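# Geometric and topological summary
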Amino acid sequence: MYDVDAYAAEKHMPADWLTSQFVLSSGRDRKDNMPYVKIPYFDRASNKTVFRKRYPKESGLRFKWSQGSAGKLSFYGLWHLGAIEQSKYVILVEGESDTQALHYMGFPALGVPGAATFKAAWAADLKCIDKVYLHVEPDNGGHIFKNKVINKLAEGGFEGQLFVFTCAGAGVKDPSAVLISKGKEDGCAFIKEQLKGATKVSVNDIPENIKGAPVNLREPDGWLFSDKGIFQIDQKSPEPKCICRTPIILTRRLRSAVGEEKIEVAFKRDNV
C-alpha cells in the first residue's frame with residue numbers, strides 16, 4: 001500500500017506534519033487503481049494551482065502532472081514565501097521531497113519542479129530575498145540544473161547574492177537523503193556547515209555548459225545542452241528528452257556579397 005504514511009516513512013518525516021504543512025493526501029487512479037501520493041502546489045495566496053502524483057517505485061511511473069499544468073508551474077512551497085522573506089535567505093532545490101526535508105530541518109526552502117522547468121519570471125519571487133543558496137546534486141543532472149537556474153536568474157534580473165553548495169560531503173546526493181541518513185538534528189548541523197562553505201557565483205557569468213567550446217551561449221527556452229548532448233524540455237516528463245547525443249553549436253553566420261548565407265557549426269569529436 002502506497003500512501004502518505006508510506007511516503008512519510010520512506011522520507012523519515014511525520015505524516016501529520018507533511019499533511020498540515022504541505023497538504024499531502026493519498027489517492028488511487030481510476031483507470032488502473034494505482035495508488036499515489038498527491039502533492040499539491042499553491043501560489044503565494046495559498047490558492048491551489050497544479051498538483052503532481054507520486055507513484056511507488058515499483059510502478060515504473062514515478063510522477064504524473066495534473067491536466068492543464070503546462071505553463072502553470074511555479075516554485076514548490078511558494079505559499080511559505082512570506083515567512084521565507086523574513087529569513088532574508090532561501091535554499092533552492094530540485095523537487096518536492098528536498099523542499100519538505102529542508103523545512104522539516106528548519107530551513108527556508110523553495111523547490112524547482114524539475115531541472116528544466118525554471119523560468120526567468122520566477123526571479124521576481126526572490127526580489128525581497130538577499131541570499132539564495134542553490135543546491136547542486138553531484139551528477140550531470142545537477143550540472144544542468146545549476147546552469148539553467150543561473151541563466152534564468154540573470155534573465156529575470158535577480159539582484160541578490162547567489163551561492164552554490166552540495167551535499168556530496170555526506171556521501172549522499174540531496175537534502176532528503178541527508179535527513180534520511182543523519183536524522184533531523186545532525187542533518188540540520190550538516191546543512192548549516194555546507195551553507196557556511198557555499199561558493200559565491202555571479203549570475204552575470206554565463207555557465208560553461210560544454211567545457212572547451214569555442215563559444216559560450218545561453219540556452220534558449222525549451223532546450224538544454226551539455227557535454228551529454230542536446231535535450232528538449234517537456235514539462236509533463238520528469239526528465240528532458242535527448243534529441244542529439246552530440247552537442248552541436250552554431251558558432252558563426254556568414255553572408256556573401258551576393259546575399260548567400262552559410263553557417264559554421266562546431267561539435268565534439270572523440271571527446272575533444
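From a predicted model like this one, the values you see are computed outputs, not experimental measurements. (Residues numbered from 1 in each chain as written. Predicted model: local features only at pLDDT ≥ 70, side-chain atom pairs only at ≥ 80, totals over all residues. Heavy atoms only, no water.)

## Here we look at the pattern of salt bridges
- This structure, assessed with the given rule, holds 12 salt bridges.
- Residue Glu-10 pairs with Arg-54 through a salt bridge whose shortest N-O separation is 3.9 Å. Taken together, the positions of Glu-10 in helix α1 (residues 4-11) and Arg-54 in strand β3 (residues 48-54) put the pair 44 residues apart, joining distant regions of the chain.
- Take Glu-10: its relative accessible area is 26%, and that puts it in the partly exposed class.
- As a salt-bridge pair, Arg-52 and Glu-96 come within 2.9 Å of each other at their nearest N and O atoms. Here the residue Arg-52 occupies a position in strand β3, and Glu-96 occupies one in helix α4 (residues 96-104), the gap between them amounting to 44 residues.
- Judged by its relative accessible area of 6%, Arg-52 is buried. (Salt bridge = Lys/Arg side-chain N within 4 Å of Asp/Glu carboxyl O. Helix = DSSP H or I, 4+ residues; strand = E, 2+ residues; numbered from the N terminus. Buried < 20%, exposed > 50% of the residue type's maximum accessible area, 1.4 Å probe, protein only.)

## With respect to the nonpolar core
- Grouped together as the largest cluster of nonpolar side chains are 63 residues, with contacts concentrated most on Leu-24, Phe-75, Ile-91, Leu-92, Leu-126, Leu-153 and Ile-191.
- Broken down by element, this core gets its largest block of residues, six residues, from helix α6 (residues 175-196).
- Here Phe-75 is in contact with Tyr-41, Leu-92, Leu-110, Gly-111, Val-112, Phe-118, Trp-122, Asp-125 and Leu-126, once residues within four sequence places are set aside. (Core = buried A, V, L, I, M, F, W, Y, C linked by side-chain atoms within 4.5 Å. Contact = heavy atoms within 4.5 Å.)

## Points about unusual backbone geometry
- Unlike most non-glycine residues, His-12 shows phi in positive territory, near 60°.
- Examined against the element boundaries, His-12 turns out to sit in the loop between α1 and α2 (15-22).
- On the basis of relative accessible area, His-12 is assigned to the partly exposed category, the value being 42%.
- Within the chain, Lys-88 stands out as a residue other than glycine whose phi angle is a positive 70°.
- When you line up the elements, Lys-88 lands in the loop between α3 (81-87) and β5 (89-94).
- Judged by its relative accessible area of 42%, Lys-88 is partly exposed.

## Structural notes on the packing of aromatic side chains
- Tallying each qualifying case throughout the model produces 14 aromatic pairs.
- For the pair Tyr-89 and Tyr-133, a centre-to-centre distance of 5.9 Å together with 90° between the ring planes defines the contact as edge-to-face. In this pair, Tyr-89 sits in strand β5 while Tyr-133 sits in strand β7 (residues 131-135), placing the two residues 44 residues apart along the sequence.
- Given a relative accessible area of 22%, Tyr-89 falls into the partly exposed group.
- An aromatic cluster of at least three residues, connected via ring pairs, comprises Trp-17, Phe-22, Tyr-41, Phe-42, Trp-65, Tyr-76, Trp-79 and Tyr-104.
- When the ring centre of Phe-63 is taken as reference, the NZ or CZ atom of Arg-52 above it lies at 4.5 Å.
- Over the aromatic face of Phe-63 sits the side chain of Arg-62, whose NZ or CZ is 5.4 Å from the ring centroid. (Phe/Tyr/Trp six-rings, centres within 6.5 Å; stacked < 30°, edge-to-face > 60°. Lys NZ or Arg CZ within 6 Å of the ring centre and 35° of its normal.)

## What about the sheet that holds strand β8 (residues 161-165)?
- Within the open sheet, the five strands sit side by side as β6-β5-β7-β8-β9. Their pairing is mixed. Looking at strand neighbours, the two that pair on one side only are β6 (109-112) and β9 (199-201), the edges of this open sheet. The average undirected angle you get between the axes of adjacent strands in this sheet is 30°.
- Two strands pair when backbone bridges link them, and β8 and β9 are joined in this way by three bridges, in the antiparallel orientation. The partner of Leu-162 across the bridge, within β9, is Val-201.
- Across the sheet, α6 lies against β5, β7 and β8, angled at about 140° from β5, the strand it touches most. (Pairing = 2+ DSSP bridges. Axes fitted to C-alpha atoms, helices over the stretch in contact; angles between N-to-C directions.)

## Looking at a nonpolar patch on the surface
- Nonpolar side chains collect at one region of the surface, where Ile-248, Leu-250, Ile-263, Val-265 and Phe-267 lie side by side and expose about 480 Å² of accessible area between them.
- No other element matches strand β14 (residues 261-267), which puts three residues into the nonpolar patch.
- With respect to the secondary-structure elements, Leu-250 resides in strand β13 (residues 248-255).
- Relative accessible area serves as the criterion here: at 40%, Leu-250 is assigned to the partly exposed category. (Patch = residues over 30% accessible without salt bridge, like charges linked within 9 Å, V, L, I, M, F, W, Y side chains within 5 Å. Areas by Shrake-Rupley, 256 points an atom, 1.4 Å probe, with all protein chains shown as cover.)

## Here we look at α2
- Those residues of α2 lying buried are Ala-15, Trp-17, Leu-18 and Phe-22. Down the axis of α2, the buried side of the element spans an arc of 160°, and every buried residue falls inside it. Seen from the open side of α2, the exposed residues pointing more than 90 degrees away from its buried face are Asp-16 and Ser-20.
- Packed against the buried residues of α2 are α1, β2 (35-42) and α4. (Arc of directions from axis to C-beta.)

## Description of the environment of Lys-11
- One can find Lys-11 in helix α1.
- We classify Lys-11 as buried; its relative accessible area is 10%.
- Along the backbone, Lys-11 and Ser-97 are 86 residues apart, and their C-alpha atoms lie at a distance of 7.7 Å.
- Other than its neighbours up to four places away in sequence, Lys-11 contacts Arg-54, Ser-97, Ser-176, Leu-179 and Ile-180.

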